[in-house]
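In case you want the letters, here they are:
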Amino acid sequence: LKELEDDLLQRLATAEGDILGDEELILSLENTKITVTEINEKVAEAKTTAVEIGRAREAYRLTASRGSLIYFLINLLNVIDHMYQYSLGAFNYVFSKALDKAPAAENLQDRCANLLESVTYTCFSFVTRGLFEKHRLIFSTMLAIRILQARGELSSEDVDYLIKTPKVFDKENPLSAWLPDSAWYSVVALSALDAFSTLPQDMEGSWKRWKEWCEQEQPESSPLPQEWKRLPAFQILQVVRVLRPDRTSQAVSVWVRNTLGARYVEAIPFNLELSFEDSAPAVPIFFLLSPGVDPVVAVKALGGRLGITEEEGKFVGVSLGQGQEPVAEKALDRMYVEGGWVMLQNIELVARWLPKLEKKLEGLIEGAHPDFRVFLSALPQKVVPVPILQNSIKLTNEPPSGLKANMLRAYLLFNNDVWDSSSKQSELKSVVFALCFFHSVVCERRKFGPIGWNRAYPFNEGDLTVCIKVAYNYLEANAKIPWDDLQYIFGEIMYGGHITDNWDRRLCMAYLSTYIKNELNEGLELFPGFATPPPMAHKEYMEYVAEGLEQETPAAYGLHPNSEINFMT
């Protein structure tokens, strides 16, 4: 426009005679008019486009805010355990991956909803794979709380009352015949919130209904008495917290399930292959160890499928300890050039060498062979440098919590090939199902402390897989199933090899005499409401377990309902 204006003024200033007769000047005026009109139209169009871009950007703001919320949440996990360290770069990679994985949609609203869910669950699963089992519910609960607070649906005051459970001692407990004093003092404190202002009076007036609710085995699954059943889900959780603190974990799990979805409380199976896809020469895979866990087997199995084996000189495992540091350094240097995997085990044992390892890994980033990978393992110790943890993909391989999660994980150890070649498929499927249930029971029984086992035993997945092989061989070698032999081998040798207490050994054999017997093929009830299914495919077994073991009680272990109070509180 400036050029056109200057040109037009120049022509007017230099025009001679009648300007209406200056044809060149008239044409210049016409061209200027047309150009100005076009420019004004484009300016108006640009303003409209800017408004549309702004509107679209605002639609995606919720996804960006969710990403920010999750990052600052996971950045606080190191308060729980030093090993939970995450860098912004690693988070950005996972966030971008979540955006790419989100399903397409025909309209903007559905697309934004898909992006939001993909970002939330992808980041959640990435972090959860590296958390110990006891911390997973904490993370999912904090995520649900932060999301509701961001929406303005949950106040900080409500959250504080849930976590701190304050007590007020002003009023004597009128329900001492059945309600503990500590619970009553918490009820009085809770009445300071508007929603619970009449709770103490109502409990006094309708004490029979409240007593009946409190004495239920699973009160979190039952509606509260009278009008209190209409309370929002989080406030019901507060009531459970003060009246039945032993059921708080289950109530929180139910609340998270209803708030975020079932997959946020279900165990995420250990999947090294999936995590390996995100690794790179500059991104090690770090195994956070727990008693009875050995990741070497899983790493070697994955390497075997990808052609990375010790026989071919592509895999080097170094169990660190005194004098092993030079061996580890040589292995890193060689695989950096030739391409291969190096696994450094128990790095917490060489604390003085770890700063050197940190610098070594930084120096091996540029120019590394594309097949170069580093695997690290350590028990949770503060000696592990933060940069190593931040730059690594962290994984835990603990047994999951709960019968259902343990059985599903047990079935993930094999597929239909286990029984496809058997001449007694139906019988073998029943034995395998009973073994998976038995394995889940003996592993989960540890959480009950001395009520479960007199001593803690490191039962592991290897015990189960070997027992399945033994069952296959014995069924093939005998016309009639040798139930007594199977019970003895499983209980006295395989699992019994871990057991050092005579009473615990007797308990183990009692389980096997109940589960491993001829009635397996006839629909044996393993505990009230859960029986062995008819022969089916591997996937159908997993579906049967997922549906049939929804509610878990101590009765599944042959224990009294009160046995779980100790570890629940």
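Structural data are supplied above this passage.
Just so it is clear, the structure is predicted and the values come from calculations on it, not from any experiment.

1. Let's talk about the overall build of the chain
And then number 1: Counting its secondary structure elements, the chain contains 24 helices and seven strands.
And then number 2: Taken against the 2.2 N^0.38 rule, which gives 25 Å for 569 residues, the C-alpha radius of gyration of the chain at 33 Å runs more than 25% over that of a compact globule.
And then number 3: Seen through its principal axes, the chain has C-alpha atoms that stretch 125 × 75 × 50 Å.
And then number 4: Across the 569 residues of the chain, 46% fall into the buried class.
And then number 5: Sequence-distant contacts, at least 24 apart, represent 70% of the contacts inside the chain between residues at least 6 apart.

2. Things to note about the pairing of strand β3 (residues 341–345)
And then number 1: In terms of residue burial, β3 counts as a mostly covered element, since five of its five residues are buried.
And then number 2: Two elements, strand β2 (residues 315–319) and β3, share five bridges in a ladder whose sense is parallel. The residue bridging phenylalanine 315 from the neighbouring strand is tryptophan 341, located in β3.
And then number 3: One crossover worth recording links β2 to the parallel β3 by way of helix α14 (residues 325–338), and it is right-handed.

3. Details of unusual backbone geometry
And then number 1: Located in the positive-phi region is glutamine 226, a residue other than glycine, with phi close to 50°.
And then number 2: Residue position: glutamine 226 is located in the loop between α9 (207–214) and α10 (233–243).

4. Structural notes on the packing of helix α3 (residues 88–101) against helix α4 (residues 108–128)
And then number 1: At their nearest, the axes of α3 and α4 sit 8 Å apart, and the two run at 140° to each other. Taken together, the axes of α3 and α4 are oblique relative to one another. Taken as a pair, α3 and α4 cross one another with a handedness that is right-handed. Where α3 approaches α4, its residues Phe91, Val94, Phe95, Ala98, Leu99 and Lys101 are matched on the opposing element by Arg111, Leu115, Ser118, Val119, Thr122, Cys123 and Phe126.
And then number 2: Tallied by class, residues from the contact of α3 with α4 come to nine nonpolar, two polar and two charged.

5. Concerning the nonpolar core
In a soluble, globular protein the nonpolar side chains are often hidden away together inside.
And then number 1: Grouped together as the largest cluster of nonpolar side chains are 105 residues, with contacts concentrated most on Trp210, Leu243, Phe286 and Leu344.
And then number 2: For tryptophan 210, the contacting residues outside a window of four places in its chain are Trp178, Leu199, Asp202, Met203, Leu224, Pro225, Trp228, Val239 and Leu243.
And then number 3: Counting residues in hydrophobic clusters, the runner-up holds 54 residues, among them Ala434, Cys508, Val545 and Tyr557.

6. Some thoughts on the pairing of strand β5 (residues 393–396)
And then number 1: Burial along β5 is two-sided: Ile393 and Leu395 and Lys394 and Thr396, pointing in opposite directions, are all buried.
And then number 2: As paired elements, strand β1 (residues 285–288) and β5 share four bridges and run parallel to each other. Each residue of the ladder has a partner; that of phenylalanine 286, found in β5, is lysine 394.

7. Description of the packing of aromatic side chains
And then number 1: A complete count under the given rule lists 39 aromatic pairs for this structure.
And then number 2: Geometrically, the ring pair formed by tyrosine 511 and tyrosine 515 is stacked, given 5.7 Å between the ring centres and 20° between the ring planes. Of this pair, tyrosine 511 and tyrosine 515 both sit in helix α22 (residues 502–515), separated by four residues, roughly a single helical turn. A single burial state applies to tyrosine 511 and to tyrosine 515, both of which are buried.

8. Some words on the sheet that holds β1
And then number 1: Within the open sheet, the five strands sit side by side as β2-β3-β4-β1-β5. Their pairing is parallel. Taken across any chain shown, the strands that pair with only one partner, and hence form the sheet edges, are β2 and β5. Pairs of neighbouring strands in the sheet enclose a mean axial angle of 20°, with direction left out of account.
And then number 2: Sitting on the sheet, helix α13 (residues 296–306) touches β1, β2, β3 and β4 (373–378), and the angle it makes with β3 is about 175°.

9. Details of the pattern of salt bridges
And then number 1: Enumeration according to the criterion identifies 18 salt bridges in this entry.
And then number 2: When the shortest N-O distance is used, the salt bridge between arginine 244 and aspartate 246 registers 2.9 Å. When sorted by exposure, arginine 244 lands in the same class as aspartate 246, which is buried.
And then number 3: For glutamate 444, the salt bridge is made with lysine 447, and the minimal N-O distance between the two is 3.0 Å.

10. Comments concerning α3
And then number 1: Taking 1.5 Å per residue, 14 residues should reach 20 Å; α3 reaches 20 Å between its end C-alpha atoms and fits that length.
And then number 2: Within α3, the full set of buried residues consists of Phe91, Val94, Phe95 and Ala98. With its buried residues spanning 100° around the axis, α3 presents them on a single face.

11. Digging into the packing of helix α19 (residues 425–444) against α22
And then number 1: Where α19 contacts α22, the axes come no closer than 10 Å and their chain directions differ by 155°. As summarised for this structure, α19 and α22 are arranged roughly antiparallel, according to the angle between their axes. The handedness of the crossing between α19 and α22 comes out as right-handed. Contacts between α19 and α22 pair Ala434, Phe437, Phe438 and Val441 from the former with Cys508, Tyr511, Leu512 and Tyr515 from the latter.

12. Some words on α9
And then number 1: Turning to α9, its buried residues number three or more, namely Trp210, Trp213 and Cys214. The arc that holds the buried residues of α9, viewed along the axis, is 95°, so those residues lie on one side. Summarising the geometry of α9, the exposed residues directed more than 90 degrees from the buried face are Lys208 and Glu212.
And then number 2: The inward-facing, buried residues of α9 abut α8 (199–205) and α10.

13. Some details on the side chain of glutamate 348
And then number 1: Tracing the sequence through the fold places glutamate 348 in the loop between β3 and α15 (354–363).
And then number 2: The buried charged residue glutamate 348 lacks any salt bridge, with arginine 352 as its nearest oppositely charged partner at 15 Å.
And then number 3: Leave out the neighbours within four places in its chain, and glutamate 348 touches Ser377, Ala378, Leu379, Gln381 and Val383.

14. Remarks on the state of the cysteines
And then number 1: For the coordinates displayed, the defined rule picks out zero disulfides.
And then number 2: Note on cysteine 436: no disulfide assigned, nearest cysteine sulfur contributed by cysteine 467 at a separation of 10 Å.
And then number 3: The class for cysteine 436 is buried, based on a relative accessible area of 0%.
And then number 4: With no disulfide of its own, cysteine 467 has cysteine 508 as its nearest cysteine by sulfur position, at a separation of 9.2 Å.

15. Looking at the environment of alanine 510
And then number 1: Counting through the fold element by element, alanine 510 comes out in helix α22.
And then number 2: What makes alanine 510 partly exposed here is its relative accessible area of 36%.
And then number 3: Spatially, the C-alpha atom of alanine 510 lies 48 Å from that of valine 386, the residues being 124 residues apart in sequence.

16. What about the environment of glutamate 547?
And then number 1: On the secondary structure map, glutamate 547 appears in helix α23 (residues 538–548).
And then number 2: Note: C-alpha distance between glutamate 547 and lysine 404 (143 residues apart in sequence) is 9.1 Å.

Calculation notes
- Residue numbers restart at each chain and count upward from 1, following the sequence in its written direction.
- Two thresholds apply to this predicted model, a pLDDT of at least 70 for residue-level local features and 80 or more for giving and counting side-chain atom pairs, whereas whole-chain, interface and lining totals are computed over all residues.
- Water and hydrogen atoms were dropped before computing side-chain values, which therefore reflect all heavy atoms in the structure.
- Going along the chain from the N terminus, every DSSP run of H or I of four or more residues is numbered as a helix, and every run of E of two or more is numbered as a strand.
- Radius of gyration: over C-alpha atoms. The globule rule applied is 2.2 Å multiplied by the number of residues raised to the 0.38 power.
- Burial classes: relative accessible area under 20% of the type maximum marks a residue as buried, over 50% as exposed, and values in between as partly exposed (1.4 Å probe, protein chains only).
- Only heavy atoms matter for contacts: two residues are in contact if any of them lie within 4.5 Å across the pair.
- Pairing between two strands requires that DSSP report at least two bridges joining them.
- Crossover handedness is defined here as right-handed if the route from the first strand over the helix to the second strand goes clockwise, with the strands pointing away from the viewer.
- With axes taken as lines fitted to C-alpha atoms, and helix axes fitted only over the stretch in contact, angles between N-to-C directions fall between 0 and 180 degrees.
- Note that the term roughly parallel is reserved for angles under 35 degrees, roughly antiparallel for angles over 145, roughly perpendicular for angles of 65 to 115, and oblique for everything else.
- Crossing handedness follows the turn of the near helix against the far one: under a right angle anticlockwise gives a left-handed crossing, and clockwise gives a right-handed one.
- Asp, Glu, Lys and Arg are counted as charged, while Ala, Val, Leu, Ile, Met, Phe, Trp, Tyr, Cys and Pro are counted as nonpolar; the rest, among them Gly, fall into the polar class.
- We define a nonpolar core as any set of buried Ala, Val, Leu, Ile, Met, Phe, Trp, Tyr and Cys residues linked to one another through side-chain atoms lying within 4.5 Å.
- Only rings of Phe, Tyr and Trp enter the pairing, Trp through its six-membered ring, and a pair is recorded when the two centres are within 6.5 Å. The plane angle decides the type: under 30 degrees is stacked, over 60 is edge-to-face, the rest tilted.
- Salt bridges are defined as contacts in which a side-chain nitrogen from Lys or Arg sits within 4 Å of a carboxyl oxygen from Asp or Glu.
- The span one expects for a helix is its residue count, reduced by one, times 1.5 Å.
- The arc refers to the directions leading from the helix axis to the C-beta atoms.
- His is not counted, nor are the chain ends, whereas Lys and Arg count as positive and Asp and Glu as negative.
- Criterion for a disulfide: a pair of cysteine sulfur atoms at a distance within 2.5 Å.

Spatial relationships are all this shows, so hold off on functional conclusions.
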